[in-house]
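Structural description and commentary
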Amino acid sequence: MDVLRIRGGRRLTGEWTVHTAKNAVLPIMAAAVLTAEKTFLEDCPFLSDVGYMADILRTLGCRVARSGRTLEIDPQGMSGYEMPDGLAKKIRSSIFLLGPILTRFHKATVTFPGGCEIGLRPIDLHLSGLRQLGVEIREEGGVIHCDGRHMCAGSVHFDYPSVGATENVMMAAVLLKGRTVLTNVAREPEIVDLQQFLNRMGAKVRGAGSHTIVVEGVSKLHGVSYRPMPDRIVAGTMLAAAAITGGTVRLERVPLEDMHAVCSKLREMGCVLTHQGEGVTLHAPEKLRAFAQLQTQPHPGFPTDMQAQLLALATLASGTSVLVENVFENRYGHAGDLNRMGADVLINGRTAVVRGVKELYGAQVTARDLRGGAALALAALRANGETVIEQAQLIDRGYEDLEGALASLGAEIRRETTNSEYT
Ligand code: EPZ
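These lines cover the structure that appears in this document, whether it is placed above or below.

Rules used in this analysis
Residues numbered from 1 in each chain as written. Predicted model: local features only at pLDDT ≥ 70, side-chain atom pairs only at ≥ 80, totals over all residues. Heavy atoms only, no water. Helix = DSSP H or I, 4+ residues; strand = E, 2+ residues; numbered from the N terminus. Contact = heavy atoms within 4.5 Å. Salt bridge = Lys/Arg side-chain N within 4 Å of Asp/Glu carboxyl O. Pairing = 2+ DSSP bridges. Axes fitted to C-alpha atoms, helices over the stretch in contact; angles between N-to-C directions. Buried < 20%, exposed > 50% of the residue type's maximum accessible area, 1.4 Å probe, protein only. Lys, Arg positive; Asp, Glu negative; His and termini not counted. Polar contact = N/O pair within 3.5 Å; in protein donor to acceptor, adjacent residues only side chain to side chain. Parallel < 35°, antiparallel > 145°, perpendicular 65-115°, else oblique. Nonpolar A, V, L, I, M, F, W, Y, C, P; charged D, E, K, R; others polar. Phe/Tyr/Trp six-rings, centres within 6.5 Å; stacked < 30°, edge-to-face > 60°. Lys NZ or Arg CZ within 6 Å of the ring centre and 35° of its normal. Near = heavy atom within 4 Å. Areas by Shrake-Rupley, 256 points an atom, 1.4 Å probe, with all protein chains shown as cover. Left-handed = near helix turned anticlockwise from the far one by under 90°.

Assignment of secondary structure puts M269 in the loop between α9 (260-268) and β15 (272-276). Between the alpha carbons of M269 and A235 there is a distance of 17 Å; along the sequence they are 34 residues apart. M269 has contacts with P285, K287, L288, R289, F291, L310, L313, A314 and A317, leaving out every residue within four places of it along the chain.

Right under this line is the structure:
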């Protein structure tokens with residue numbers, strides 16, 4: 001188990017460049033197997049979720065190798081169509097490999113990925129979308145057998161704009177002869193990035209970022225070199241770190257056009273953000289103001305992946321903030337630990353009421369999920385004394401060297417790796 005030790009009280013200042021987005025890289029790694037040719041992903045971040053996805057691709061017979069920050073995926077030797085159960089449980093988002101595997105082999109076997117800390121993570125929308133493309137799906141004892149021999153282009157409507165289900169069906173459609181129209185799709189920027197990657201491979205996909213995506217099937221795709229988009233959630237987290245410490249930080253390589261909801265909330269709390277080119281500078285007020293309310297929504301609404309971080313900011317703001325988590329059913333795991341640090345957070349179902357307090361105190365806390373762990377680190381940056389965050393390895397799923405990033409801006413933070421028997 002890894003722990004982070006953070007001594008609060010330092011204002012963050014300086015510059016930092018945002019790394020490439022986990023939630024763009026993972027679907028793009030899945031899309032890479034739509035061709036037998038090699039793909040090179042440039043500036044690929046060192047994240048544990050990327051490592052798990054690479055292991056899944058290797059288990060399916062692909063060769064995946066790193067050369068510095070470039071990840072090479074060679075799917076030529078891919079022979080497996082059965083998703084490895086143990087690995088697939090490590091990252092639920094591996095379910096969007098289903099579309100590419102069906103496209104390659106016209107059959108696929110996968111087990112239900114199971115829930116996680118933030119919710120049940122069902123896959124009904126994925127299966128419904130694939131069924132609408134003619135995939136025959138049989139569920140037996142937790143194993144899902146997919147027969148794609150009669151897949152064909154057509155119309156797919158999503159009852160809810162699921163990010164992963166949208167990506168899965170996009171990838172299942174690119175080699176289907178004819179036109180496939182997807183309606184009520186998710187509009188996240190990472191889906192636009194996936195569309196761009198697929199089109200670089202020779203696909204014909206348009207409409208990503210809107211409510212409707214149209215795919216004109218092509219006969220073949222080829223390998224590409226591609227640099228996925230920067231991570232808007234990591235960027236938002238680093239801006240929040242500057243905000244909670246009363247600092248001034250400039251970020252480079254920020255997808256600002258995808259961050260209106262987050263930047264607007266930070267301004268509402270009293271932060272001054274100035275944009276120059278692909279960068280943004282945040283100057284924090286001495287004391288943050290509470291926001292009236294924050295509702296997480298599918299993009300372009302406020303991203304659920306930034307809810308924990310803004311809740312951490314609200315614990316020290318003047319006034320009372322109300323948050324409603326509309327996307328996942330159990331995404332307040334960080335509230336209890338924040339209260340251990342002296343915060344005043346009340347949770348009632350999907351609603352959090354946060355009464356700002358004057359100060360937080362260092363404590364021993366536990367990361368329960370990726371973004372909740374990052375939120376605890378933010379609170380620790382301002383808390384009096386030392387905070388110890390256990391299970392810190394969870395943060396590595398989506399943040400490359402978070403402690404190095406924060407330390408480079410002046411934070412007093414270090415990581416310890418313990419072989420605790422209780423890991
Ligand atoms: C993606 O997960 C992201 N992961 C998540 O980021 C992000 O929180 C989420 O989108 C929402 O933006 C990746 O891109 C790898 P969804 P995904 O399908 O695709 C329900 C992070 O911290 N649902 O849009 O799983 C689901 O339970 C992670 O980086 C169904 O009911 O999200 C949830 O309540 C966390 N049935 C809601 O929809 C389904 O078949 C949104 O899920 C699928 C989803």
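Two side chains with opposite charge may pair up if their charged atoms get near one another. Counted by the stated rule, this structure contains 31 salt bridges. Residues R11 and E286 are paired through a salt bridge, measuring 3.0 Å at the closest nitrogen-oxygen approach. Of this pair, R11 sits in the loop between β1 (2-7) and β2 (13-17) while E286 is found in the loop between β16 (279-283) and β17 (293-295), placing the two residues 275 residues apart along the sequence.

The subject of this paragraph is the sheet that holds strand β12 (residues 212-216). Taking strand neighbours across the sheet as the criterion, the four strands line up as β9-β10-β12-β11 in an open arrangement whose pairing is mixed. The open sheet has two edge strands, β9 (155-157) and β11 (204-206), and neither has a second partner. Neighbour-to-neighbour, the strand axes of this sheet turn through a mean angle of 15°, independent of strand direction. Pairing analysis gives five bridges linking strand β10 (residues 179-183) to β12, with the strands arranged antiparallel. Its bridge partner being in β12, V181 is matched across the sheet by V214. Helix α6 (residues 163-173) contacts β9, β10, β11 and β12 of the sheet and is inclined by roughly 175° relative to β10.

Our next topic: unusual backbone geometry. The step from H299 to P300 runs through a cis peptide bond, and the omega angle for that step is 10°. In this model, Q391 sits at a positive phi of 55°, which is unusual for a non-glycine residue. Counting through the fold element by element, Q391 comes out in the loop between β22 (386-390) and α13 (402-408).

We now examine the side chain of E188. With respect to the secondary-structure elements, E188 resides in the loop between β10 and α7 (189-200). The side chain of E188 is buried and forms no salt bridge, while R232, the nearest opposite charge, is found at 4.9 Å. Polar side-chain contacts of E188 include one of 3.0 Å to the backbone nitrogen of H299. Excluding residues within four positions of it along the chain, E188 makes contact with V163, R232, P298 and H299.

So, about the packing of helix α1 (residues 22-31) against helix α2 (residues 48-59). Running from N to C, α1 and α2 cross one another at 5°; their axes reach a closest spacing of 10 Å. The orientation of α1 relative to α2 falls into the category roughly parallel. The segment α1 lies against α2, with K22, V25, L26 and M29 engaging D49, V50, M53, A54 and L57. Residues of the contact of α1 with α2, tallied by class, amount to seven nonpolar, no polar and two charged.

To continue, consider the sheet that holds strand β5 (residues 70-74). Spatial ordering of the open sheet is given by β4-β5-β3-β13, a layout of four strands whose pairing is mixed. The open sheet has two edge strands with one neighbour each: β4 (63-67) and β13 (225-226). Relative to β5, strand β3 (residues 39-41) runs antiparallel, the two sharing three bridges. Bridge pairing links F40 to E72 in β5.

Applying the stated criterion across every chain, the model contains one aromatic pair. The ring of F46 is capped by R66, whose NZ or CZ atom sits 3.7 Å from the centre of that ring.

This paragraph deals with the environment of T296. By secondary structure assignment, the location of T296 is in the loop between β17 and α10 (307-314). T296 sits 259 residues away from E37 along the chain, and the two C-alpha atoms are 39 Å apart. Here E325 takes part through its side chain, which lies 3.0 Å from a polar atom of the side chain of T296. Here the side chain of T296 touches N326 through a polar contact of 2.8 Å, landing on its backbone nitrogen.

Following the sequence through the fold, T166 ends up in helix α6. Setting aside residues up to four positions removed in sequence, T166 forms contacts with F158, L182, V185, A186, I191 and I213.

With that settled, consider the site of the ligand. Around the ligand, the structure places 22 residues, and the nearest of them are D124, L125, S162, D305 and V327. One nitrogen or oxygen atom from the side chain of D124 is found 2.7 Å from a nitrogen atom belonging to the ligand. Expressed as a share of its isolated accessible area of 820 Å², the protein-covered part of the ligand is 87%. Taken together, the elements giving at least two residues each to the shell around the ligand come down to α1, α5 (124-132), α6 and α12 (370-382). Along the lines of polarity and charge, the residues of the shell around the ligand split into ten nonpolar, six polar and six charged.

Along the chain, N326 falls in the loop between β18 (320-324) and α11 (335-340). In this structure N326 comes out as partly exposed when scored by relative accessible area, which is 30%. When the C-alpha positions of N326 and Q297 are compared, they lie 6.2 Å apart, and in sequence the two are 29 residues distant. Those residues in contact with N326 that sit more than four places away from it in its chain are Q295, T296, Q297 and R350.

Moving on to the packing of α5 against α6. Running from amino to carboxyl end, α5 crosses α6 at an angle of 25°, the nearest separation of the two axes being 8 Å. Viewed along their axes, α5 and α6 adopt a mutual orientation that is roughly parallel. Crossing angle aside, the handedness with which α5 passes α6 is right-handed. In this structure, α5 contributes L125, H126, G129 and L130 to the contact, and α6 contributes G164, A165, N168, V169 and A172. The class makeup of the residues in the contact of α5 with α6 is five nonpolar, four polar and no charged.

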